[in-house]
Amino acid sequence: MRSVLYVPGDKPRAIEKARTLNADAVILDLEDAVAPEYKAQARAHVRDALRGTWRVPVLVRVNGLNTPWEHEDRELALTAGAAGMVLPKVEDARAAQALSLGLPLWAMIETPGGVLNAAQVAAVPAVSGLIVGANDLARALRTRAHPGREPLLHALSAVVLAARAHGKVPLDAVFNDVRDPEGFARECAQGRALGFAGKTVIHPGQVDAANAAFGVSDAEADEARALITAWAQARAEGRSVATHRGALIEQMHVDEAQDLLTLWETTREDRRPHP
């Protein structure tokens, strides 16, 4: 899930556009992107959209607990064929466990309590991944905007650590300024360096950049193959370690190279199914 595109549930034209994009997954949003007076209409559009054919997983972000729309939203997600349900503002494992109704859950970590309890949330078997909601988190922490996200770095790393410790997928937060592709690229690079598997995005123009940032280039794939070849040659000669381009390599480096090649293979555009 290099790129996961949010699409407002009350915008049918945007939903149809999303079918044509290269996002690795789509989140049809019934929560923040939809005003209260359009919630019912958005549910109808999302139900219609899920009846159609998609080449990627389609998740539904429902409204949170104790909102007027929570029950109808969850019923839609559970009955209309969604690939997963995105839960906003998850703060403890009990909420995720209570909603483990047979559909994969994606827990949004967007409050201080959610960050502190991220490991327990990630440990819930039904939870497939953790998604950072940085806008709400920054507001709750009363931080100031910073281009390097320094006030949020501890929280971002905590989410990655929690997800990776339990074998779940960590997804980075959205980048708000769709007019700043350079800033988006920098934040993607930071997110990958922190260990995120991919990034949630809010605009079609961000999809390909996220795919590139969190994917594997042909050059990186070639380098991975070269490392594996050097290791294979060393082992054939009876050596337990090898050097490649002046660096010592061990089995863990080979495993990492294999992971890169797997990601490269599964995300090559000419190998992905088309509508």
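Sequence positions are assigned chain by chain, starting from 1 and proceeding in written order. Side-chain atom pairs in this predicted model are given and counted only at pLDDT of 80 or more, local residue features only at pLDDT of at least 70, and totals for whole chains, interfaces and linings cover all residues. Calculation of side-chain values draws on the structure's entire complement of heavy atoms; hydrogens and water are dropped beforehand.

Student: Sorry, what's going on with the pairing of strand β5 (residues 105-109) here?
Tutor: Note on strand geometry: in a regular strand, side chains alternate between the two faces of the sheet. Among the five residues in β5, five count as buried, and that is most of the element. Three exposure classes are used, based on accessible area relative to the maximum for each residue type with a 1.4 Å probe and protein chains only: buried under 20%, partly exposed in between, and exposed over 50%. A run of H or I in DSSP becomes a helix once it reaches four residues, and a run of E becomes a strand once it reaches two; helices and strands are each numbered from the N terminus. Taking every second residue as pointing to the same face, both faces of β5 are buried, with Leu 105, Ala 107 and Ile 109 on one and Trp 106 and Met 108 on the other. Note that strand β4 (residues 84-87) and β5 share three bridges and pair parallel. Considered in β5, the bridge of Val 86 is made with Trp 106. Handedness of a crossover is defined as follows: orient the strands so they point away from the viewer, and if the path from the first strand over the helix to the second runs clockwise, the crossover is right-handed. Chirality of the crossover, the property in question, places the unit of β4, helix α4 (residues 93-98) and β5 among those that are right-handed. Should DSSP find at least two bridges between two strands, the strands are regarded as paired.

Student: Explain the pairing of strand β6 (residues 127-132) to me, please; I cannot follow it from the model alone.
Tutor: Most of β6 is tucked away, with five of its six residues classed as buried. In this sheet, β6 lies alongside β5 in parallel orientation, the contact comprising five bridges. Directly across from Ala 107, in β6, lies its bridge partner Leu 130. Note: β6 against strand β7 (residues 169-172), three bridges, orientation parallel.

Student: What exactly am I supposed to notice about unusual backbone geometry here?
Tutor: Glycine aside, a negative phi is what most residues show, and trans is what most peptide bonds show. In this structure, Lys 89 is a non-glycine residue whose phi angle is positive, near 50°. In this fold, Lys 89 is placed in the loop between β4 and α4. With a phi close to 55°, Arg 245 is a non-glycine residue in the positive phi region. In this fold, Arg 245 is placed in the loop between β9 (242-244) and β10 (247-249). By relative accessible area, Arg 245 is classed as exposed at 66%.

Student: Help me out: how do you make sense of helix α9 (residues 181-194) in this one?
Tutor: In a regular helix each residue adds 1.5 Å, so 14 residues correspond to 20 Å; α9 covers 20 Å between its end C-alpha atoms and thus fits that length. Turning to α9, its buried residues are Gly 183, Phe 184, Glu 187, Cys 188 and Gly 191. Down the axis of α9, the buried set is contained in an arc of 140°. They therefore lie on one face. Facing away from the buried side of α9 by more than 90 degrees, the exposed set consists of Glu 182, Arg 186 and Ala 193. Contacts were defined at the residue level, with two residues in contact if any of their heavy atoms lie within 4.5 Å. Among the structural elements, β7, β8 (198-201) and α10 (207-214) are those in contact with the buried residues of α9. Once α9 finishes, Gly 195 follows within two positions and takes phi at roughly 115°, a positive value. Expected helix span is computed as 1.5 Å times (number of residues minus one). Working note: the arc is built from the helix axis to C-beta atom directions.

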